[in-house]
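Close look at the chain arrangement
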Amino acid sequence: MGVADSSVQARIGHETQLDAERLWTDILDYVRPRVSREGFDTWLAPTKGCKLSNGTLEVEVPNSFFADWLSQHYSAEVRAALSGVSQQELSVSFRPRDAVDTGVLIRRAPVRRPTTKQDGHRLQPHLSFANFVVGESNRFAVAAARSVAERPGANYNPLFIYGGVGLGKTHLAQAIGNLALAAKPGLKVYYTAADDLFLELILAIEKNTRLEFKNKYRGLDLLVLDDIHYLVGKERLQEEVFYIFNSLHDAGSQIVFTSDRPPQDIPALEGRLASRLGSGLVVDIQPPELETRIAILKQKAAMDRADLPDNVAYFIAARVRTSVRALEGSWVRLLALASLDGHPITVRLAEEALKDLVREEEPFDHNRIIKTCAEHFGVTVREITNGGRTKQLALARQVAMYVLRSTLSLSLKEIGGLFGNKDHTTVMHAVKRVGDLRIKDPAFASRLEKLTKEISRGEPR
Ligand code: ADP
Ligand code: MG
């Protein structure tokens, strides 16, 4: 959390463009880790601080649609950022660039293809009930899911599945779609995640195809809407989801939601679904207990046609407790190690395979970030933190500062403190320089991405 930075305050009042630019960059760096990546890239990345005067920071945005969207959807984050970087009263105003540029949104929208009817149901066949290991932690959820898949629209509608990251929500929700479709091949089933729905909506608004968008959803028999916690704070998307939900529900079609939290923790949603959640069912998936973790490992091994001895399965399951995804990750690593050198799968080899993983499960703190950056550039932690001045050291240091900022959201001052009390402006320049390099130089960008992945668990979403 950004500690108030007195030097940033002192700067306020200098009505230069540079200050406005820097202050906004600072604010964006604060906001970035707190919003979705798509959201950030779509709405915040194309903005620029352009003027700072009388306590107002003017931010240039591509058009008036952006201005409205930003103030409706990101004002809370921006406000929090403002109090993070400055104690002084400050406000932000979004100023549309006054060119004729209605195409901006389309150009900026990520290159992911919009989902259309021809894309099919978007189910992955391997995410089936057959491949889903049942244990105490998910027994009830699986039973409910099966019953919904067997008679969509008839039993529990909507079915709301919630649970932590990597515990099998997407798998189970997809399994419902797969089973329902297998039972009734003509069924109109569709899977989408809330963030994809959001992109689709943006495109529909831009291209004036709202009607097609609505019709596509209205005609479904079974809709699986994954990760709806993404709706939090997105009024417009919420509207759209309610519309879709209501028309499907009225038509007796089945809806399956997944979320990382229960409905009552998505207040806007619960308020409006309340009466209808009554006709549905809310189930949760808990982290798997030891026996289930062992069974999952054994199942993965069987799917890979590999022999996993009981004692090795136990060894891994006892250590990797956080999520099924992490469990899968460790199995994949172990299998890779074994097949690389033709070793048998033993506890010793598992120990070797888990070495990195255990490191990943350590709390990820600033020391580790600096150490990893230093290793990455082939320099020592001392050299980075004690102000050596070679080009290589300077870059390593700037990258470390950037990563600290973007992953831990430390304040400029706190970061400066880790590098022999560097001034906050030095840190700010470092962050900006690395940010610029990242945009200009794709090789650098991918190197940075690799480094960040290495630092932050490295687990795919
Ligand atoms: P979530 O959507 O909750 O984040 P996923 O459904 O993507 O999690 O699950 C993460 C990985 O773990 C997937 O590869 C999934 O197949 C696997 N997985 C999760 N739970 C189970 C289970 N009970 N049995 C087998 N595999 C599972
Ligand atoms: Mg998921």
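Given the structure is predicted, the values throughout are model-derived calculations rather than measurements.

1. A short note on the packing of helix α13 (residues 290-303) against helix α15 (residues 324-341)
At a closest axis distance of 10 Å, the pairing of α13 and α15 adopts a crossing angle of 45°. The angle between α13 and α15 places the two elements in the oblique class. The interaxial crossing formed by α13 with α15 has right-handed handedness. Seen from α13, the contacting residues are R293, I296, L297, K300 and A301; seen from α15, they are V324, L327, E328 and W331. Partitioning the contact of α13 with α15 into residue classes produces six nonpolar, no polar and three charged.

2. Remarks on the site of ligand 1
Taken together, 18 residues form the shell around ligand 1, and within it G166, K169, T170, H171 and E328 come nearest. The separation between an oxygen atom of ligand 1 and a polar main-chain atom of K169 is 2.8 Å. At a separation of 2.7 Å, an oxygen atom of ligand 1 approaches a polar side-chain atom of H171. Compared with its free state, where it exposes 560 Å², ligand 1 has 89% of that area covered by protein. At the level of elements, α8 (169-183), α13 and α15 are the ones that each hand at least two residues to the shell around ligand 1. Residue classes in the shell around ligand 1 are distributed as seven nonpolar, seven polar and four charged.

3. Things to note about the nonpolar core
Among the nonpolar cores identified, the biggest contains 55 residues, and W24, I27 and L44 are the most heavily contacted of them. The element that contributes the greatest number of residues to this core is helix α9 (residues 194-207), accounting for eight residues.

4. Digging into helix α2 (residues 17-31)
Helix length check: α2, at 15 residues, gives a terminal C-alpha distance of 21 Å against a target of 21 Å (1.5 Å per residue), a fit within 8%. Judged by how many residues are buried, α2 sits mostly within the fold: eleven of 15 residues are covered. Restricting attention to buried positions, one finds in α2 the residues D19, A20, R22, L23, W24, D26, I27, L28, D29, Y30 and V31.

5. A short note on the sheet that holds strand β3 (residues 91-96)
Spatially, β1-β2-β3 is the arrangement adopted by the three strands of the open sheet, whose pairing is mixed. Edge strands, defined here as strands with exactly one partner in the open sheet, are β1 (48-53) and β3. The sheet shows a mean angle of 30° between the axes of neighbouring strands, direction not considered. Helix-sheet contacts for α2 involve β1, β2 (56-61) and β3, and the interaxial angle to β1 is about 120°.

6. Here we look at the confidence of the model for the chain
Averaged over all residues, the pLDDT of the chain is 83; the fraction at 70 or higher stands at 86%. Taken together, the stretch residues 99-119 has pLDDT below 50 and engages in 32 contacts with residues farther than four places along the chain or on a different chain.

7. Re the sheet that holds strand β4 (residues 159-163)
Spatially, five strands are ordered β5-β6-β7-β4-β8 in an open sheet, and the strand pairing comes out parallel. Two strands close off the open sheet at either side, each with one partner strand: β5 (189-193) and β8 (281-285). Across the sheet, the mean angle separating the axes of adjacent strands is 15° when strand polarity is ignored. Across the sheet, α8 lies against β4, β5, β6 (222-226), β7 (254-259) and β8, angled at about 150° from β4, the strand it touches most.

8. A short note on unusual backbone geometry
The linkage connecting N157 with the following residue, P158, adopts the cis geometry, with an omega of 0°. Inspection of the secondary structure assignment puts P158 in the loop between α7 (139-150) and β4. Even without a glycine there, the phi angle at D227 is positive, about 55°. By the element assignment, D227 lies in the loop between β6 and α11 (235-250). With a relative accessible area of 25%, D227 lands in the partly exposed category.

Criteria and cut-off values
- Throughout this description, residue numbers start from 1 for each chain and increase along the sequence as written.
- The lettering of chains begins at A and the numbering of ligands begins at 1, in the order of writing.
- Note on the predicted model: pLDDT of at least 70 is required for a residue's local features to be given, and 80 or more for side-chain atom pairs to be given and counted; whole-chain, interface and lining totals, by contrast, use all residues.
- Where side-chain values are given, they derive from all heavy atoms of the structure, hydrogens and water being excluded.
- In this analysis an axis means a line fitted to C-alpha atoms, helices contributing only their contacting stretch, and an angle means the value between N-to-C directions, from 0 to 180 degrees.
- Here a helix means four or more residues in a row that DSSP labels H or I, a strand means two or more in a row labelled E, and each is numbered from the N terminus.
- In these notes the angle categories are as follows: under 35 degrees is roughly parallel, over 145 is roughly antiparallel, 65 to 115 is roughly perpendicular, and the rest is oblique.
- Crossing handedness: left-handed means the near helix sits turned counterclockwise from the far one by under a right angle, and right-handed means the same turn made clockwise.
- Contacts: residue pairs with any heavy atoms within 4.5 Å of one another.
- Ten residues, namely Ala, Val, Leu, Ile, Met, Phe, Trp, Tyr, Cys and Pro, are considered nonpolar, four, namely Asp, Glu, Lys and Arg, are considered charged, and the remaining ones, Gly among them, are considered polar.
- For this description, a residue counts as near a given molecule or strand if any of its non-hydrogen atoms is within 4 Å of it.
- Whenever a nitrogen or oxygen atom comes within 3.5 Å of another N or O atom, the pair is scored as a polar contact, on the condition that within protein one atom can donate a hydrogen and the other can accept it, and that pairs from neighbouring residues in sequence are kept only if both atoms are in side chains.
- Residue burial considers only the protein chains on display, and all accessible areas are found by Shrake-Rupley using a 1.4 Å probe.
- Residues grouped as a nonpolar core are buried Ala, Val, Leu, Ile, Met, Phe, Trp, Tyr and Cys residues, joined through side-chain atoms within 4.5 Å.
- When a residue's accessible area, from a 1.4 Å probe over protein chains only, is under 20% of the maximum for its type it is buried; when over 50% it is exposed; and in between it is partly exposed.
- Here the expected span of a helix is defined as 1.5 Å times the quantity of residues minus one.
- Strands are labelled as partners when DSSP assigns at least two bridges between them.
- Each residue carries a pLDDT score, the predictor's confidence in it, ranging from 0 to 100.

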